[in-house]
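# Remarks on the overall topology
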Amino acid sequence: MEGLISLKSSPGTSLRSFPSFNQPPNSFARRFSMDLPLRRSSFPAIRAQHPGTISPKEEEEEDALKVKEWEVGMFQNEVAASQGIRIRRRPPTGPPLHYVGPFEFRLQNDGNTPRNILEEIVWHKDTEVSQMKERRPLATLKKFIENAPPTRDFVGALKAAHSRTGLPGLIAEVKKASPSRGILREDFDPVEIARAYEKGGAACLSVLTDEKFFKGSFENLEAIRNAGVQCPLLCKEFVIDAWQIYYARIKGADAILLIAAVLPDLDIRYMVKICKMLGLAALVEVHDEREMDRVLGIEGIELIGINNRNLETFEVDISNTKKLLEGERGQLICQKDIIVVGESGLFTPDHVGYVQEAGVKAVLVGESIVKQSDPGKGITGLFGRDISL
Ligand SMILES: O=C(O)c1ccccc1NCC(=O)[C@H](O)[C@H](O)COP(=O)(O)O
């Protein structure tokens with residue numbers, strides 16, 4: 001457990017028992033992680049419609065639910081840590097003071113400061129997603145899905161491009177900015193860039209939907225889909241909740257990213273199943289051997305991305321792809337017929353050749369092509385030849 005929690009009773013009050021965070025994770029955590037946000041969402045809505053109609057008892061219930069939700073966050077952190085995941089799902093300081101009633105609540109650890117950029121993104125995402133869920137509950141999303149156009153075959157498009165060109169199939173990224181590089185392109189028109197990529201021979205596109213850190217959006221994803229771009233689309237998000245997968249499907253995604261550095265095994269298993277149910281491909285991203293071994297232990301994975309960028313330090317090293325595909329891991333990947341995508345830091349035909357030699361059948365590239373005045377020609381530069389033919 002991260003640090004110590006001290007609960008001091010205020011004068012004249014007795015100390016209520018507070019659940020231990022070291023209880024084994026069980027259905028409790030799962031139940032709350034799925035149901036709670038939906039139940040919570042009704043409270044603010046009711047309050048908005050009927051101001052002043054929430055009784056003290058209901059308010060107490062709402063607070064109790066928020067406390068439970070915070071406990072779940074702590075469970076999730078513990079489960080994740082046991083799998084070597086360093087990213088904590090939520091800040092360790094817990095719910096605001098009034099949620100714990102009469103107690104003074106303090107954490108004696110490193111407080112609310114994220115340890116690295118990935119953790120900062122995840123903490124922000126947690127707040128963002130709960131707000132989005134309140135505005136559009138899952139039940140509403142499910143209705144939209146019934147009328148959504150069918151998904152396109154993301155993995156099939158990569159395989160077809162690889163067989164056609166003899167080169168890794170390209171997932172070209174529509175990326176305006178990044179935490180490590182800042183703004184990559186000032187005159188950023190997502191649809192124009194997507195069309196240029198398609199014309200340049202990209203098999204699939206990756207569209208960043210995170211607004212705060214990457215200046216992307218779900219509107220960009222939707223606009224590209226509605227513009228008639230044929231390449232299947234990857235929703236490049238920081239998924240922490242199954243709700244986001246449903247939302248991505250509605251906004252036109254054909255595939256979605258799941259990051260092993262953020263998601264415990266059980267979440268990956270569960271989310272991969274949801275993706276299948278919705279007709280989406282899941283690109284499960286790993287960065288080190290431990291993450292690769294965890295993901296290889298999960299049934300039903302068709303697509304693994306090896307990120308050459310360490311998302312905690314920004315360090316990029318393309319030899320990471322080779323390292324993770326050597327020996328038994330590479331053999332197991334072949335046996336399981338998994339397509340591997342080499343991600344990040346690819347700028348030249350030599351780089352592409354290097355990761356292809358290591359065993360990838362696809363590459364995911366952003367910076368080197370999005371920065372070119374004609375991103376389609378950027379693709380020709382990246383591969384050393386025109387791959388649209
Ligand atoms: O790109 C970043 O700075 C970054 C920081 C923190 C988390 C994720 C980040 N990038 C996501 C990606 O991995 C890349 O957008 C993608 O692989 C393309 O990389 P590149 O070709 O190097 O732009």
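Residues numbered from 1 in each chain as written. Predicted model: local features only at pLDDT ≥ 70, side-chain atom pairs only at ≥ 80, totals over all residues. Heavy atoms only, no water.

Going by the annotation in an unreviewed UniProt entry, the name recorded for the chain is indole-3-glycerol-phosphate synthase, with Gossypium hirsutum given as the source organism. We quote the UniProt Catalytic activity (unreviewed entry) comment for the chain here in full: "1-(2-carboxyphenylamino)-1-deoxy-D-ribulose 5-phosphate + H(+) = (1S,2R)-1-C-(indol-3-yl)glycerol 3-phosphate + CO2 + H2O". For the chain, the Pathway (unreviewed entry) comment in UniProt is given as "Amino-acid biosynthesis; L-tryptophan biosynthesis; L-tryptophan from chorismate: step 4/5." (UniProt positions renumbered as here; feature names shortened; annotations may be inferred.)

What follows concerns the site of the ligand. Around the ligand there are 19 residues in total, and Glu173, Lys175, Ser180, Ser344 and Gly366 lie nearest to it. At 2.6 Å, a side-chain N or O of serine 344 approaches an oxygen atom of the ligand. In isolation the ligand offers 510 Å² of accessible surface; the protein chains occlude 99% of this area. The residue makeup of the shell around the ligand, split by class, is 7 nonpolar, 6 polar and 6 charged. (Near = heavy atom within 4 Å. Polar contact = N/O pair within 3.5 Å; in protein donor to acceptor, adjacent residues only side chain to side chain. Areas by Shrake-Rupley, 256 points an atom, 1.4 Å probe, with all protein chains shown as cover. Nonpolar A, V, L, I, M, F, W, Y, C, P; charged D, E, K, R; others polar.)

Moving on, we come to the sheet that holds strand β11 (residues 339-343). Taken together, the 8 strands give a closed barrel; going around it, the order is β3-β6-β7-β8-β9-β10-β11-β12, and neighbouring strands pair in parallel fashion. Adjacent strand axes in the sheet meet at a mean angle of 25 degrees when their direction is disregarded. Across 2 bridges, strand β7 (residues 233-236) lies against strand β8 (residues 255-259) in parallel orientation. Bridging across to β8, leucine 234 finds its partner in alanine 255. (Pairing = 2+ DSSP bridges. Helix = DSSP H or I, 4+ residues; strand = E, 2+ residues; numbered from the N terminus. Axes fitted to C-alpha atoms, helices over the stretch in contact; angles between N-to-C directions.)

Next up on the list: the environment of glutamate 312. Structurally, glutamate 312 is set in the loop between β10 (303-307) and α11 (319-325). Residues glutamate 312 and valine 79, 233 residues apart in the sequence, show an inter-C-alpha distance of 20 Å. When neighbours within four sequence positions are excluded, glutamate 312 is seen to be in contact with Arg86, Ile87, Asn116 and Ile117. (Contact = heavy atoms within 4.5 Å.)

Time to look at the nonpolar core. Proteins that are soluble and globular tend to have nonpolar side chains buried together. The biggest cluster of nonpolar side chains holds 107 residues, and the ones touching the most others in it are Leu170, Tyr197 and Leu205. Looking at this core, the element that brings in the most residues is helix α3 (residues 117-135), giving 7 residues. Ignoring any residue separated from it by four or fewer positions in sequence, one finds leucine 205 in contact with Phe154, Ile171, Ala172, Ala194, Tyr197, Ile224, Val229, Cys231, Pro232, Leu233 and Leu234. (Core = buried A, V, L, I, M, F, W, Y, C linked by side-chain atoms within 4.5 Å. Buried < 20%, exposed > 50% of the residue type's maximum accessible area, 1.4 Å probe, protein only.)

On to the packing of α3 against helix α8 (residues 242-250), then. The relative placement of two packed helices comes down to the angle between their axes together with the axis-to-axis distance. Running from N to C, α3 and α8 cross one another at 60 degrees; their axes reach a closest spacing of 10 Å. You can see that α3 and α8 cross each other, and the crossing is left-handed. Where α3 approaches α8, its residues Lys125, Val129, Met132 and Lys133 are matched on the opposing element by Trp243, Gln244 and Tyr247. By residue class, the composition of the contact of α3 with α8 is 4 nonpolar, 1 polar and 2 charged. (Left-handed = near helix turned anticlockwise from the far one by under 90°.)

Residues other than glycine seldom take positive phi values, yet aspartate 337 does so here, at roughly 60 degrees. Inspection of the secondary structure assignment puts aspartate 337 in the loop between α12 (327-335) and β11. Non-glycine residue serine 344 carries a positive phi angle of around 80 degrees. Position of serine 344 relative to the elements: it lies in the loop between β11 and α13 (349-358). On the basis of relative accessible area, serine 344 is assigned to the buried category, the value being 12%.

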